[in-house]
Amino acid sequence: MAENRKKVILSGMRPTGRMHVGHLAGVLTNWIRLQDEYECYYEIADWHALTDDPARAKEVNENVLGMVRDWLAVGIDPQKAVIFRQSYVPEHAELHLAFSMLVSVPRLLRNPTFKEKLAELRKKKGYTRMSLKVERLDVEDEVDQILRFVREEDEDKARRMLSSVINRAKDEVLEKITTEVSLDEAAIPAEISYGLLGYPVLQAADILLYKGEVVPIGADQLPHLELTREIARDFNRIYVPVFPIPEPLLTETPKILGTDGRKMSKSYNNAIFLSDPPEIIRKKVRSSITDPMKVRRNDPGRPEVCPIFHMHKVFNGEEVDEIERACRAGELGCVACKNRLTEVLIEKLTPIRERAESYSDEDVLEIVREGSRKAREVAERTMEEVRGAIFGP
Ligand code: TRP
């Protein structure tokens, strides 16, 4: 019965490495929740992972099994969801080609994620020279504290706080550059490939190949979904209606910070991975920053800026209220607070790590092959419709 048909969900991740607690709290918990209610396709976006650097192919390939291992370990179930690898389904490339002619180059140049990459590269190469005001950066408290440390000749602490301020400043400056650089101001550096420009077109092909109707994504990906919707509408209008107009599914995801206070990310080297053994978890939590203003054990803390607190919030529901109260009241020192988090993380992550290790490479590969075979059946059917719509029978 048509009314009972489950809606199609498509989402994907680039295989850039093992999964960390940020992925679990953000994307994966969501994916797990959705797999009963929807017909889910979860994609290993390996082609996308090559768009910044095609020479990374070997590394990307090596990351695939580790990533899927973690997906399976947290409860993505291949009986319920189709886990597939983009490059095993060549129809992605064909649909990408068909779509590439429906999108103008200026439209792609306006894509925010592209502009961000461009700004980063220009900055690295010295393309942009501008004066940036960091008046929005609210660091007065920290600066006062650094001065105090300097006066007390505590060089270690002064240095550490300075680097935390600098990291925050870097993020803000990058954000400003992204929004302020206009495209026609400078030439596009030669490092920018045609493939990178087309990143969101490939993503549109990912979604529409399975006639995805609902796309769980983070807010940063909304512009890509908007382009997907435009492409679907244009295709349907120019040729024959083939595609649904997909909707984003923005779920409120808890904030998880890395151990240096920036966004948790493998590339920042501040992540706690699902596969980290207890000793490593202990070490990472111990060396994590906390509220830099909480210097002594009984100083009152600001949980909202503390990466340790954010993890308590997600993984330690039972104690979090008491921890927040005690931290603010200056009754709970950071060392004790970290020890409690360490215990909780070890308890939560150990079964995940053990489950991940319980699969052989061959088991994981077989799941990916089987999922990709299922995906391909759907993809072939869509491509037949697409070819028919464009060129006729
Ligand atoms: N671009 C997405 C990201 O970086 C990954 C991705 C590729 C994706 N294809 C997709 C997400 C299709 C949703 C739907 O996170």
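Parameters and conventions
- Along every chain, residues carry numbers that run from 1 in the direction the sequence is written.
- Local features in this predicted model are restricted to residues of pLDDT 70 or higher, and side-chain atom pairs are both shown and tallied only at a pLDDT of 80 or more, whereas totals for entire chains, interfaces and linings draw on every residue.
- No hydrogens and no water enter the side-chain calculation; it runs on all heavy atoms of the structure.
- Only protein atoms enter the 1 Å grid, on which a cavity is a set of points fitting a 1.4 Å probe that cannot get out and a pocket is an open set with protein on both sides within 12 Å along at least 5 of 7 lines, lining residues being those with an atom within 4 Å of a point.
- Grid points are joined across faces, edges and corners, and a volume is the space filled by probe spheres set on the points.
- By definition, any uninterrupted DSSP run of H or I lasting at least four residues is a helix, any uninterrupted run of E lasting at least two residues is a strand, and each is numbered from the N terminus.
- When residue character is reported, Ala, Val, Leu, Ile, Met, Phe, Trp, Tyr, Cys and Pro are called nonpolar, Asp, Glu, Lys and Arg charged, and the others, Gly included, polar.
- Summary of the burial criterion: residues with accessible area below 20% of their type's maximum are buried, those above 50% are exposed, and those between are partly exposed, where the area comes from a 1.4 Å probe applied to protein chains only.
- Pairs of strands are assigned from DSSP output, requiring at least two bridges between the strands.
- By convention a crossover is right-handed if, when the strands point away from the viewer, the path from the first strand over the helix to the second runs clockwise.
- One less than the number of residues in a helix, times 1.5 Å, gives the span that helix is expected to have.
- What the arc covers is the set of directions going from the helix axis to the C-beta atoms.

*Asks:* Got a sec to walk through the layout of surface pockets? Specific residues and values, please.
*Replies:* Put simply, the second largest pocket is a space of about 500 Å³. Along the wall of the second largest pocket there are 19 residues; nearest its centre are Arg160, Thr290, Asp291, Pro292 and Lys294. Elements that contribute at least two residues to the lining of the second largest pocket include exactly α8 (155-180) and α15 (334-358). Per element, the largest residue contribution to the lining of the second largest pocket is 4 residues, and it comes from α8. For the lining of the second largest pocket, the class distribution of residues is 7 nonpolar, 5 polar and 7 charged.

*Asks:* Let's hear about the pairing of strand β2 (residues 39-44): which residues, and what values?
*Replies:* On any regular strand, side chains alternate: one points to one face of the sheet, the next to the other face. Within β2, 5 of the 6 residues are buried, leaving the element largely enclosed by the surrounding structure. Here 6 bridges tie strand β1 (residues 8-13) to β2, and the two strands are oriented parallel to one another. Across the sheet, residue Ile9 finds its bridge partner in β2, namely Cys40. In this fold, β1 hands off to helix α1 (residues 21-34), which returns the chain to β2; that crossover is right-handed. Of the pairings in the sheet, the one linking β2 to strand β3 (residues 81-85) comprises 5 bridges and is parallel in character. Bridge pairing links Cys40 to Ala81 in β3.

*Asks:* Now, about helix α7 (residues 140-151): what can you tell me, with residues and values included?
*Replies:* Each α-helix winds once per 3.6 residues, and so residues spaced three or four apart point in a common direction. Spanning 12 residues, α7 covers 17 Å between terminal C-alpha atoms, matching the ideal 16 Å at 1.5 Å per step. When α7 is considered as a whole, its buried residues turn out to be Glu142, Gln145, Ile146 and Phe149. Each buried residue of α7 sits inside an arc of 105° when the element is viewed along its axis, so together they form one side. In α7, the exposed residues that point more than 90 degrees away from the buried face are Glu140 and Arg151. Trailing α7 by a residue or two, Glu153 shows a phi angle of about 55°, which is positive.

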